[in-house]
Structures are given as C-alpha cells and as structure tokens.
Amino acid sequence: MTIHKTSSFVTFVSFVFTMVLSFALPSLAQQDVVSTTEMERQVFEWTNQERANANLPPLQWNQRLALAARMHSAEMVKHKDLSHQFTGEPTLGQRISDRGARFSAVAENVGYGDDPQTLQTGWMHSAGHRANILNPVYTDMGIGIVRSGNRLYATEDFTKAVSRLAADDFENAVAKHLTDLRQPRKLPPLAMTSSASLRQMACSGQTSAKAAFGGVHRSDTELYSFNFTASSANDLPASLVNRVMELPAGGFDIGACSQSDASTGFTAYRVLMVLHR
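Every value quoted in this text rests on a predicted model; they were computed, and no experiment measured them. Residue positions are counted from 1 within each chain, in the order its sequence is given. Totals for whole chains, interfaces and linings use all residues, but because this is a predicted model, local features are given only for residues with pLDDT of at least 70 and pairs of side-chain atoms are given and counted only at 80 or more. The side-chain figures draw on all heavy atoms in the structure; neither hydrogens nor water molecules are used.

(A) Representation of unusual backbone geometry within the structure. Of note, Asn 55 is a non-glycine position whose phi angle comes to about 60°, a positive value. With phi around 60°, Lys 186 is a residue other than glycine that occupies positive phi space. Secondary structure counts use DSSP, requiring at least four H or I residues in a row for a helix and at least two E residues in a row for a strand, with both numbered from the N terminus. With respect to the element layout, Lys 186 can be found in the loop between α6 (167-182) and β7 (191-194).

(B) Structural detail: the sheet that holds strand β10 (residues 267-276). Here the rule is simple: two strands pair whenever DSSP picks up at least two bridges between them. Spatially, β7-β9-β10-β8 is the arrangement adopted by the four strands of the open sheet, whose pairing is mixed. Both edges of this open sheet fall to β7 and β8 (223-230), since each of them pairs with a single strand only. Shown here is a sheet whose adjacent strand axes are inclined to one another by a mean of 25°, direction ignored. As judged from the four bridges shared by β7 and strand β9 (residues 251-260), these two strands associate in the parallel manner. Bridge pairing in β9 places Ala 191 opposite Gly 251. For helices, the axis comes from a line fit to the C-alpha atoms of the stretch in contact; other axes are also lines fit to C-alpha atoms, and the angle between any two N-to-C directions lies between 0 and 180 degrees.

(C) Region of the structure containing the packing of α6 against helix α8 (residues 238-246). Contact geometry of α6 with α8 gives a least axis separation of 10 Å together with a crossing angle of 55°. Comparing their axes, α8 and α6 come out oblique. Between α6 and α8 lies a crossing of right-handed hand. Residues Leu 178, Leu 181 and Arg 182 of α6 touch α8, and the partners they reach there are Val 241, Val 244 and Met 245. Across the contact of α6 with α8, the residue classes tally to five nonpolar, no polar and one charged. Orientation is classified from the angle alone, with under 35 degrees giving roughly parallel, over 145 giving roughly antiparallel, 65 to 115 giving roughly perpendicular, and any other angle giving oblique. By the definition used in this description, the sense in which the near helix is turned from the far one sets the handedness, with an anticlockwise turn below a right angle giving left-handed and a clockwise turn giving right-handed. Here, residues are in contact when the closest pair of their heavy atoms is within 4.5 Å. For this scheme, ten residues count as nonpolar: Ala, Val, Leu, Ile, Met, Phe, Trp, Tyr, Cys and Pro. Four count as charged, namely Asp, Glu, Lys and Arg, and the remainder, Gly too, count as polar.

(D) Highlighting the pattern of salt bridges. Take a side-chain nitrogen of Lys or Arg and a carboxyl oxygen of Asp or Glu: if they are within 4 Å of each other, that pair is a salt bridge. For the coordinates displayed, the defined rule picks out six salt bridges. Its salt-bridge partner being Arg 95, residue Glu 89 comes within 3.9 Å of it at the nearest N-O pair. Accessibility assignment for this pair places Glu 89 and Arg 95 in one class, buried. A salt bridge links Glu 171 to Arg 199, with the shortest nitrogen-to-oxygen separation between them at 2.9 Å. On the criterion of sequence distance, the pair formed by Glu 171 in helix α6 and Arg 199 in helix α7 (residues 196-203) is long-range, its members being 28 residues apart. Type-normalised accessible area, obtained with a 1.4 Å probe on protein chains alone, sets the label of each residue: buried when under 20%, exposed when over 50%, and partly exposed for intermediate values. Judged by its relative accessible area of 0%, Glu 171 is buried. Overall, Arg 199 belongs to the partly exposed group, its relative accessible area being 26%. One connected set of salt bridges, linked through shared partners, spans Glu 89, Arg 95 and Glu 108.

(E) Structural context of the nonpolar core. Judged by nonpolar contacts, the single largest core of 23 residues is most densely connected at Met 273 and Leu 275. Those elements that provide at least two residues to this core are α6, β8, α8, β9 and β10. Once you skip the residues sitting within four places of it in the chain, Met 273 turns out to touch Val 174, Leu 178, Ala 212, Tyr 224, Ser 225, Phe 226, Phe 228, Leu 240, Phe 252, Asp 253 and Ile 254. Listed in part, the 22 residues of the second largest apolar core include Val 43, Trp 46, Trp 61 and Tyr 138. To form a nonpolar core, buried Ala, Val, Leu, Ile, Met, Phe, Trp, Tyr and Cys residues must be joined to one another through side-chain atoms within 4.5 Å.

(F) Examining the environment of Asp 114 more closely. Looking at the secondary structure, you find Asp 114 in the loop between β4 (103-113) and α4 (116-124). For Asp 114, a relative accessible area of 59% corresponds to the exposed category. Here Asp 114 is in contact with Asn 150 and Leu 152, once residues within four sequence places are set aside.

(G) Seen up close, the state of the cysteines. Disulfides are defined in this document as cysteine sulfur pairs within 2.5 Å. This structure, assessed with the given rule, holds one disulfide. Note that Cys 203 is cross-linked by a disulfide to Cys 257, the S-S spacing being 2.1 Å. Between Cys 203 and Cys 257 the sulfur-sulfur dihedral comes to about 110°; the bridge is accordingly right-handed. Residue Cys 203 is located in helix α7, and its partner Cys 257 is located in strand β9; the two are separated by 54 residues in the primary sequence.

(H) Layout of α4. Across the nine residues that make up α4, a large majority, nine, are buried. Taken as a whole, α4 has its buried residues at Pro 116, Gln 117, Thr 118, Leu 119, Gln 120, Thr 121, Gly 122, Trp 123 and Met 124. The term polar contact refers here to a pair of N or O atoms within 3.5 Å; inside protein, the definition further demands a hydrogen-donor-capable atom paired with an acceptor-capable atom, and it admits residues adjacent in sequence only when both atoms are side-chain atoms. With a side-chain oxygen positioned 3.2 Å from the backbone nitrogen of Gln 117, the residue opening α4 is Asp 115.

Below is the structure:
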C-alpha cells in the first residue's frame, strides 16, 4: 500500500495482483445467477455482508465506478491477463475520474474465476484484497464482470467519495461543522464571511497561509490564518480545530475552491481561512 499525504487529507492507493483460489466460502449460498449484472450485484451483497460481520458500514453502489470497472474487465478479456493497467490504458484514478467519479481515496481488486463464488472466495482469502474490501476508509464500490467463454474477468473499484459541492456550499458546510464542534462546550457560533478574494486565491493554487492575510481587511487584534486541503467539511486540520475551540467568540473569513488532479483523478477542496476575535 502506498500512502500519499497532501495537507490535511490522506490518499490510500492499493495495487496488488490477484490470486484466485478454487474453494468456496461456506457462507456463500449457491445461486443460479445468469447475467453478469446479477453477478455484480451478488458480489456487492456478499461484500457488504463481510463488512457487516466486521462491524463496518456498508458500501454504496456507485454506477460510475461500475462503468469504469466493466471497461477495465473488458481490457483484461482482450489481453487474456490480469493487470491494473495495460499499455496505453489510463491509470485507475483517471479511469474512474473520466466516468465522473470524485474521490479522495481509491483502490482496486481484479481477478478471474468460473463463477461469482470463486471470485469472492479468492479476494477474501488474499490479504491485500481482503484489506480493500474491509477498509473503513472507503464509502463507494462498483463491480464490473465480463464473461469470456467459461471464464469471468472481474474488477472491483473502491473509493472514498467526495461530495460535489459548490464553493459556497462547502464553506457553509465548514461553518456548520465548526458550530457543531463548539455547541457541546456552550460556545457561540463563529460568524462566517464568505470571501471572494480568498476563494480566488484558493483557486489560484496559493499554498501560503500567511497570504490569506492579504485577502481580508480587518482591524482585529488577533488573526489566525490557515491554508489547507480537505476532502470534506469534517476533514479539517487539528491546528484549526484547536484554535476554533479556544476562541470564546469571533468569526472567520473563508474561501474554498474545488480542485481535481488531472493526472490522478483525486478531488479535494483548497481552503483559505482567517479567524478573528
């Protein structure tokens, strides 16, 4: 597993080739599943059963991921081989981003077998693939199964989905989250000011926290600036949260900008904030 850190969010990417085992899980009921679409849904249900057994929240079916997974399975059929990327094929992140998915973490399982039970058994008895299936980071899943003769080629794509929020919606979501954090301590909400200049700086790729001071004009004696990336409004830097919880009253100026990396498909929000009291 390779871990890439960018500011306040962590990206998990797994690339492990699949070994498919020939025995079946006793818990998997043998069913007469005909179409590959039915097979995909059956594997999806089994996956969430496994997560429930591990006290993990269920994954959401993501049609965008399923489309990308089916296209990759078709590539494996074409090459008669298992791989996460063939020559001339886009990377995993690019494949699912091209289908319209937005995410801050991604992983993939690939494999082949004679039936859905064999696929599921192989993944659950392979440490790397089992880890993807039972990873609490992931929220969404799509499965693509393509038949070639009597063999099924399959791809499972997992992501931590990023909400498609406009800049002002994300800024409001941050304000709500901060209010929710302060409420148990009976601290009043901080007044939010959406700043066009800070938003412009965020969209320009500005990475300096001090630069945020240039985007606001306040006479307050105490100002604290922050510049970070986050995949959700609840994913804020600890330094910011700590400072917010120390303020007896005050407010903040904020500007956010949604940014996607064209080379990887990863999406996050660049945020500039200035706290004041």
